[in-house]
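Inside the fold
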Amino acid sequence: MATQIVLEKETLKGAASNYISRIKSGDIGSLPAVLGLVSLVAVFGAMSEYFLTNRNFANLLTQAAPVMVIAMGLVFVLLLGEIDLSAGYASGVCGAVLVLLVTNHGWSWYTALPASIAVGALLGTLIGTLVSRLGIPSFVVTLAAFLAFQGVLLLLAGEGGTIPIADKTILSVENSNLTPMQGWILWAVTSALYVATGLNRINSRRKAGLVVELSQLWAMKTGALLIITGGAVYELNQERGLSAANSTKGVPIVAPMILVILVAGTFLLSRTSFGRHIYAVGGNAEAARRAGINVKRVRTIAFVLCSSLAAVAGMLFASRMNSISPSTGGSSTLLYAVGAAVIGGVSLFGGKGRMRDAILGGLVVAVIDNGMGLLGYGAGIQFLVTGAVLLVSAGVDAVSRRGALSN
Amino acid sequence: MSTPLLSLRGINKSFGPVHVLKDVDFDIYPGQVTALVGDNGAGKSTLIKCIAGIYTPESGDILFEGAKVDIDGPRTATALGIEIVYQDLALCDNLDIVHNMFLGREEKKGITLNEISMESLARKTLDGLNVRTVKSIRQTVSSLSGGQRQTVAIARAVLWNSKVVVLDEPTAALGVAQTEQVLNLVRRLADKGLAVVLISHNLNDIFEVADNIAALYLGKMAAQVKKNGVTKNEVIELITTGKSEGVTK
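About the criteria used
- Residues numbered from 1 in each chain as written.
- Chains lettered and ligands numbered in written order.
- Predicted model: local features only at pLDDT ≥ 70, side-chain atom pairs only at ≥ 80, totals over all residues.
- Axes fitted to C-alpha atoms, helices over the stretch in contact; angles between N-to-C directions.
- Helix = DSSP H or I, 4+ residues; strand = E, 2+ residues; numbered from the N terminus.
- Parallel < 35°, antiparallel > 145°, perpendicular 65-115°, else oblique.
- Left-handed = near helix turned anticlockwise from the far one by under 90°.
- Contact = placed C-beta atoms within 7 Å.
- Nonpolar A, V, L, I, M, F, W, Y, C, P; charged D, E, K, R; others polar.
- Buried ≥ 20, exposed ≤ 12 C-beta atoms within 10 Å, placed from the backbone.
- Pairing = 2+ DSSP bridges.

1. As for the packing of helix H3 (residues 54-79) of chain A against helix H15 (residues 355-374) of chain A
All names here are of chain A. One can describe the packing of H3 onto H15 by two numbers: an axis separation of 8 Å at closest approach and a directional angle of 135°. Accordingly, the angle class assigned to the pair H3 and H15 is oblique. Pair H3 / H15 crosses with right-handed handedness. Contact residues: Asn56, Leu60, Gln63, Ala64, Val67, Met68, Ala71, Met72 and Val75 in H3; Met355, Asp357, Ala358, Ile359, Gly361, Gly362, Leu363, Val365, Ala366, Val367, Asp369 and Asn370 in H15. Here the residues of the contact of H3 with H15 sort into 14 nonpolar, five polar and two charged.

2. A word on helix H8 (residues 232-241) of chain B
All names here are of chain B. Along H8, the positions that sit buried rather than exposed are Val235, Glu237, Leu238 and Ile239. Buried residues along H8 sit in contact with strand E3 (33-38), helix H7 (203-209), strand E11 (212-217) and strand E12 (220-226). Phi for glycine 242, located one or two positions after H8, is positive at around 85°.

3. Quick notes on the interface of chain B and chain A
Tallying the contact residues gives 28 residues for chain B and 31 residues for chain A. Residue assignment for the side of chain B that touches chain A shows that the elements contributing at least two residues are strand E8 (112-113) and helix H4 (115-128) of chain B. Here the side of chain B that touches chain A takes six residues from H4 of chain B, the largest share from any one element. Grouping the amino acids of the side of chain B that touches chain A by side-chain chemistry returns twelve nonpolar, nine polar and seven charged.

4. Some words on the sheet that holds strand E6 (residues 82-85) of chain B
Residues and elements named next belong to chain B. Taken together, the six strands give an open sheet; going across it, the order is E6-E9-E10-E3-E11-E12, and neighbouring strands pair in mixed fashion. Looking at strand neighbours, the two that pair on one side only are E6 and E12, the edges of this open sheet. Looking at each pair of strands side by side, their axes are set apart by 15° on average, direction ignored. With five bridges connecting them, E3 and E11 associate as parallel partners. Each residue of the ladder has a partner; that of valine 37, found in E11, is alanine 215. Here H8 sits on the sheet in contact with E3, E11 and E12, set at roughly 25° to E11.

These values are about where atoms sit, not about what they do.
Rendered as structure tokens:
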């Protein structure tokens, strides 16, 4: 009963009961996504003998990558309680810019890619300015942008046309793998940095006399994470080629790329004042304004980040399909991305969610897509199931929010 | 009485044809709780917003520590050490207590937030106010009771070595026990040497913690008197009619 919790002796039991009371009060975090992912993998693994193979696992990652990247961009916008319906086609437009520059104008990938991301940033600035300065609801602005970008993409690609891309570097992102050794080095370096950051945080908090997370609990969580990621690297390093002549093994190159975006986004959201302001605006925009936060600027930047990441996703689409077509980033792409973020635990009401939720939710969406396909269900059933999962997650979000409010 | 920390002299403020404040004089003393009372529409909020720099008076002087100042915006007020705790608190439910106390004024180490120094300072401030009712300062504000939320809002206001704290109806939505907690906190603020302005409709609260009472009536300062010199009935008369026989201006 004091603010001066003099390093109160926490126990694992206490931590567990804290966690349970947090869940009861509506702060469920990513629990539903984790449970959903585990049960989906179990079900599909039992029903399809191909689902749990190395080849399918690698395939799943490259399939999920573009949607995950769009979803990570959407996290910024969703945290504000806004929405960006145009992110899917923004990725198409930016992908088309990239492919056109490389294929038709002979640019190298390292100049064309920044240019396409700059186009994404420009689109985001436009949307963000309309939303924050003119006060048009983001739903309407981005719905208009959704239609307009679709038109731009058609004009860029030409009716019915596709633009191929042959640049080796861009194609390798979704189609090549790290060598097994590189995969292990990546895992080791990332793990070491993760552990060092965690230890550093615990130490400096202890030095300052602040309450410290139970070190056993931290060690357990970190250990579990290292084992899971290590296992994934191990599996991906196994031979999964169809013939001896066509050897394929290693972590897909897109994985470290997603990792970089995840780390950078998490850093931005949880360690910088800009990230703090995003949460503040999403939680209570009026309070943020009175606290001297430039709410309009925060809103605009969130949309810029969202569209810029959509541009990165456009590159992934181009890499995966070897081309850009008028339907790139269209149909269900955006809705899958929003679904991924929400399933992962990002609240549609704003103010709640993390970068990693987009990854977790993106995996759930990809597993449904992939597993149902393997079981031979058509697109109709797949859409129905994905829709149902999204509805359940949004429902859980709304109900847990009500639970939190009634406290 | 000691010399006032903040003095308003002859303040006038109109919104179009509506003359809201008419030659208002108002004094705020360090180490004292000055209650600002008045019926709805008497001009309390407008007067506060002139102090906060949200409105600029058309005429009149504002003296801070004896010197004439020009409060032309909220930032000027903050720079002088004037903090307002609004009725709707302006807290972000999804952030924890530390985050809320430093909202918009985060401490940084390089480009990253300095969570450790913020948390230490937040805890020191809460301890300094003898707040012992929150379990962890890392819990989100949404999990706090009304009184605890008010406490966080007040603690945020005093975090910045502020000199004047204006509280707009801090107990309006609270139960009996929580009202008592907050009133104790208000008293402690004044005892620490801050100049506290308490806007309230509740005369019991006012008579419990205030040192001075200033009553606004239809945009005019009906009277600013010491609490010991008036009775509740006289204050009610001041609020409802603008004058009271036992009270001289």
